[in-house]
Amino acid sequence: MGVLSASGAAQASLLTPVLNLMRPQLENRISGACQQWASGGNASLEAQIAPACRALAGPTSRCLVEETERSGRSLGVVTELLAGRFGDDIELVVKRCAGRMLGLPADSFLNVPIRSLADRFKAAAAPALRP
């Protein structure tokens, strides 16, 4: 077991530079998704919230890189990112970041379907987004 843990730690530390190189692209995707989601298709609102979405993207991307390393799923996350798909490894990391960024334990959302989280956040924000 100790050899496996050491191997996982070495793997994570070797892939961290790759993940950090991908952060600018990740931040652009996070910012764009934030703008689309929060604006509800309103172009004027999308332009107004762009700075806030860009400001959120930095800490979010850092959290995703840190939680990828902590989870021991670096190889899976890099593989999924390069394939352009949202798989089990990325889902786990997103859930851990959601908990952490909300000030909760990182594993708070592990048993919650990610679609349910997105729907709940969208429903909660909808009244604030209406003009």
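Preceding this paragraph is the structure being described.
Bear in mind that the values here come from a model prediction, so they are computed numbers and not experimental data.

**Student:** Where do I start with the state of the cysteines in this structure?
**Tutor:** One way to say it: the disulfide is the covalent bond shared by the sulfur atoms of two cysteines. Taken as a whole and assessed by the stated rule, the structure comprises 2 disulfides. Disulfide pairing places Cys-34 opposite Cys-53 at an S-S distance of 2.0 Å. In this structure, the disulfide formed by Cys-34 and Cys-53 twists by about -65° around the S-S bond and is classed as left-handed. Taken as a pair, Cys-34 in helix α1 (residues 2-39) and Cys-53 in helix α2 (residues 43-71) lie far apart in primary sequence, 19 residues in all. The exposure class of Cys-34 is buried, given its relative accessible area of 17%.

**Student:** Explain the side chain of Ser-31 to me, please; I cannot follow it from the model alone.
**Tutor:** Secondary-structure assignment places Ser-31 in helix α1. Given the relative accessible area of 7%, Ser-31 is considered buried. Not counting residues up to four positions away in its chain, the partners in contact with Ser-31 are Ala-50, Cys-53, Arg-54 and Ala-57.

**Student:** I'm lost on the nonpolar core in this one. Help?
**Tutor:** Most often, soluble globular proteins have nonpolar side chains that are buried together. Within the largest apolar cluster, 12 residues are counted, these being Leu-19, Leu-26, Ile-30, Ala-57, Cys-63, Leu-64, Val-65, Val-77, Val-78, Ile-90, Val-93 and Cys-97. The set of elements that each furnish at least two residues to this core consists of α1, α2, α3 (74-83) and α4 (88-101). At 4 residues, the largest contribution of residues to this core is made by α2. When residues no more than four places from it in sequence are discounted, the contact partners of Leu-19 are Val-65, Thr-68, Ser-74, Val-77, Val-78 and Leu-81. Among the nonpolar cores identified, the runner-up in size contains 5 residues, and Ala-38, Leu-45, Ile-49 and Cys-53 belong to it.

**Student:** Just checking my understanding: could you explain the layout of surface pockets for this structure?
**Tutor:** A probe as big as a water molecule, rolled over the atoms, marks out the empty space that is left. Considered as a void within the structure, the largest pocket measures approximately 1,400 Å³ in volume. Looking at the largest pocket, it is lined by 35 residues, and the ones nearest its centre are Ile-30, Ala-33, Thr-60, Phe-86 and Val-94. Looking at the lining of the largest pocket, the elements that each hand over two or more residues are α1, α2, α3, α4 and α5 (114-129). Here the lining of the largest pocket is built from residues that sort into 24 nonpolar, 3 polar and 8 charged.

**Student:** What am I meant to see in the packing of α2 against α4 here?
**Tutor:** Packed helices, taken two at a time, are described by the angle their axes make and the gap between the axes. Across the interface, α2 lies against α4 with an axial gap of 9 Å and an inter-helix angle of 120°. By the angle between their axes, α2 is oblique relative to α4. Viewed along their axes, α2 and α4 form a crossing whose handedness is right-handed. Only Leu-92, Val-93, Val-94, Arg-96, Cys-97, Arg-100 and Met-101 of α4 make contact with α2, whose side of the interface consists of Leu-56, Pro-59, Thr-60, Cys-63, Leu-64, Glu-66, Glu-67, Thr-68, Arg-70 and Ser-71. Here the contact of α2 with α4 is composed, by residue class, of 9 nonpolar, 3 polar and 5 charged.

**Student:** Looking at this structure, I do not really get the packing of α3 against α4. What am I missing?
**Tutor:** Packing of α3 against α4 leaves a shortest axis separation of 8 Å and a crossing angle of 110°. By the angle between their directions, the pair α3 and α4 is classed as roughly perpendicular. Regarding α3 and α4, the two cross each other, and that crossing is left-handed. Touching Gly-76, Val-77, Glu-80 and Leu-81 of α3 are Asp-88, Asp-89, Ile-90 and Val-93, all from α4. For the contact of α3 with α4, a count of residues per class yields 4 nonpolar, 1 polar and 3 charged.

Reading the values: rules and limits
- Residues numbered from 1 in each chain as written.
- Predicted model: local features only at pLDDT ≥ 70, side-chain atom pairs only at ≥ 80, totals over all residues.
- Heavy atoms only, no water.
- Disulfide = S-S within 2.5 Å.
- Helix = DSSP H or I, 4+ residues; strand = E, 2+ residues; numbered from the N terminus.
- Buried < 20%, exposed > 50% of the residue type's maximum accessible area, 1.4 Å probe, protein only.
- Contact = heavy atoms within 4.5 Å.
- Core = buried A, V, L, I, M, F, W, Y, C linked by side-chain atoms within 4.5 Å.
- 1 Å grid on protein atoms, 1.4 Å probe; cavity = no way out; pocket = protein on both sides within 12 Å on 5 of 7 lines; lining within 4 Å.
- Points joined across faces, edges and corners; volume = space filled by probe spheres on them.
- Nonpolar A, V, L, I, M, F, W, Y, C, P; charged D, E, K, R; others polar.
- Axes fitted to C-alpha atoms, helices over the stretch in contact; angles between N-to-C directions.
- Parallel < 35°, antiparallel > 145°, perpendicular 65-115°, else oblique.
- Left-handed = near helix turned anticlockwise from the far one by under 90°.

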